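Here is what each chain is made of, one letter per residue.
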Amino acid sequence: MAIVTGSTSGVGKGTALMMGKEGARVAVTGRNEAEGEGVVQAIRDAGSEAVFIRADLTRHAECRRLVDETVGTFGGVDVLVNNAAIFPRGRIDDTTEALWDEMMAVNLKAPFFCSQQVVPHMRNRGGGSIINIGSVNAFIGSPDLLAYSASKGGLMTFTKNLATALAKERIRVNLINPGWVLTEGEHEMQLSLGQPENWAELAAAKQPFGRLLEPEDIAHGIVYLASDEAALVSGAVLTINQVPVA
């Protein structure tokens, strides 16, 4: 039984679909119900079970409801993927208090809330796996991704601390730092920055492997960390990128 936050599109959607194909029962969550129900139907068509739960993860009560509804539907929760995130641009001179607060609420506070709520259920089941989705920007940053990079750096520290705290309870906590992933959100962002419609093709030509990362590339890593094959992996930072970043 797995919860994948931000799973109506992008990496979260790819992860939810892959987990469904592997036989997991998946709670799909996000703010777009139509897209969420589409993901649920695709998982059901693949032969597994899924439910869509709309939730605003910046609110503690909503995170508690998400977990409670998942447990009520599936009888428990074994895996939490904290994937939901936002990435609006902002430099040191134009990052507003509102942008900073929203970034931290979605990218750092929500994973804390969701983790806090699943831990008692995982404890009762004798263990579990929490997988946080960070970014290579936690290491390398970018002038216009100041708040985003800080939030992902915080998520990395949160991951390592929580992994240590929960190790004796067999609750594993790991982090994946993806590189540049081609998602719907990234496409929209690039267009908003004035890039041409074929920006992805141009960018791919400059990459070492001739393409950008796809959501499935990240999903493979997530599914591994959720599986029994990673039974003794905790506190790890897995970077999925075409070149080293740290």
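Structure: see above.
The sections below set out a description of the structure shown in this document. Computed from a predicted model, the values in this text were never measured in an experiment. (Residues numbered from 1 in each chain as written. Predicted model: local features only at pLDDT ≥ 70, side-chain atom pairs only at ≥ 80, totals over all residues. Heavy atoms only, no water.)

## Regarding the overall build of the chain
- Scanning the chain for helices and strands turns up nine helices and seven strands.
- For 246 residues, the compact-globule estimate of 2.2 N^0.38 gives 18 Å, and the chain sits close to it at 17 Å.
- Across its three principal directions, the C-alpha atoms of the chain cover 50 × 40 × 35 Å.
- Relative to its 246 residues, the chain shows a buried fraction of 49%.
- Relative to all contacts within the chain whose residues are 6 or more apart in sequence, the contacts with residues 24 or more apart total 70%.
- Per element, the accessible surface of the chain, about 11500 Å² overall, is 52% carbon and sulfur. (Helix = DSSP H or I, 4+ residues; strand = E, 2+ residues; numbered from the N terminus. Rg over C-alpha atoms; globule rule 2.2 N^0.38 Å. Buried < 20%, exposed > 50% of the residue type's maximum accessible area, 1.4 Å probe, protein only. Contact = heavy atoms within 4.5 Å. Areas by Shrake-Rupley, 256 points an atom, 1.4 Å probe, with all protein chains shown as cover.)

## As for the nonpolar core
- In this structure, Ile3, Leu57, Leu80, Val118 and Ile130 are the most contacted members of the largest nonpolar core, which totals 31 residues.
- At the level of elements, strand S3 (50–54), helix H3 (60–74), helix H4 (97–124), helix H6 (146–166) and strand S6 (171–178) are the ones that each hand at least two residues to this core. (Core = buried A, V, L, I, M, F, W, Y, C linked by side-chain atoms within 4.5 Å.)

## Brief notes about the environment of Ala61
- Residue position: Ala61 is located in helix H3.
- For the pair Ala61 and Phe113, spaced 52 residues apart in sequence, the C-alpha separation works out to 8.9 Å.

## Remarks on the packing of H3 against H4
- Interhelical geometry of H3 versus H4 gives an angle of 40° and a closest axis separation of 9 Å. The element H3 and its partner H4 pack so that their crossing is right-handed. Counting all contacts with H3, which are made through His60, Cys63, Arg64, Leu66, Val67, Asp68 and Val71, the residues of H4 involved are Ala110, Phe113, Cys114, Gln116, Gln117, Val118 and His121.
- A breakdown of the residues in the contact of H3 with H4 according to their chemical character gives eight nonpolar, four polar and two charged. (Axes fitted to C-alpha atoms, helices over the stretch in contact; angles between N-to-C directions. Left-handed = near helix turned anticlockwise from the far one by under 90°. Nonpolar A, V, L, I, M, F, W, Y, C, P; charged D, E, K, R; others polar.)

## Quick look at the packing of aromatic side chains
- This model, assessed by the stated rule, comprises four aromatic pairs.
- Between the aromatic rings of Phe112 and Phe113, the centroid separation amounts to 5.7 Å while the plane-to-plane angle is 40°, which identifies the pairing as tilted.
- Judged by its relative accessible area of 36%, Phe112 is partly exposed.
- Centre to centre, the rings of Phe112 and Phe158 are 6.3 Å apart; their planes meet at 85°, and the pair counts as edge-to-face. Residue Phe112 is found in helix H4, and its partner Phe158 is found in helix H6; the two are separated by 46 residues along the sequence.
- Members of the aromatic cluster, each reached through a chain of ring pairs, are Phe112, Phe113 and Phe158. (Phe/Tyr/Trp six-rings, centres within 6.5 Å; stacked < 30°, edge-to-face > 60°.)

## Re the pairing of strand S4 (residues 79–82)
- Residues Val79 and Val81 line one face of S4 and the alternating positions Leu80 and Asn82 line the opposite face, and both faces are buried.
- Here S4 pairs with strand S5 (residues 128–133) via four bridges, running parallel. Residue pairing for S5: Asn82 is matched across the bridge by Asn132.
- The handedness of the S4 to S5 crossover, carried by H4, is right-handed. (Pairing = 2+ DSSP bridges. Right-handed = clockwise from strand over helix to strand, strands pointing away.)

## So, the state of the cysteines
- What the rule picks out here adds up to zero disulfides.
- For Cys63, which is in no disulfide, the shortest distance to another cysteine sulfur is to Cys114 and amounts to 3.7 Å.
- Judged by its relative accessible area of 0%, Cys63 is buried.
- Under the relative-accessibility criterion, Cys114 is labelled buried at 0%. (Disulfide = S-S within 2.5 Å.)

## Side note on unusual backbone geometry
- With a phi close to 60°, Arg170 is a non-glycine residue in the positive phi region.
- Relative to the helices and strands, Arg170 resides in the loop between H6 and S6.
- Arg170 sits in the exposed class, given a relative accessible area of 66%.

## Let's talk about the pattern of salt bridges
- Within the structure shown, the criterion is met by seven salt bridges.
- Here Glu62 ties to Arg65 by a salt bridge, and the two come within 3.1 Å at their closest N and O atoms. Here Glu62 pairs with Arg65, and both are found in helix H3, just three residues apart, close to one helical turn.
- The class of Arg65 is partly exposed, set by a relative accessible area of 26%.
- The salt bridge involving Arg125 is made with Asp78; its shortest N-O contact spans 2.7 Å. Of this pair, Arg125 sits in the loop between H4 and S5 while Asp78 sits in the loop between H3 and S4, and the two are 47 residues apart along the sequence.
- Classification of Asp78 as partly exposed rests on a relative accessible area of 24%.
- Taken together, the shared-partner salt bridges connect Glu62, Arg65 and Glu69 into one network. (Salt bridge = Lys/Arg side-chain N within 4 Å of Asp/Glu carboxyl O.)

In short, geometric facts, not functional conclusions.
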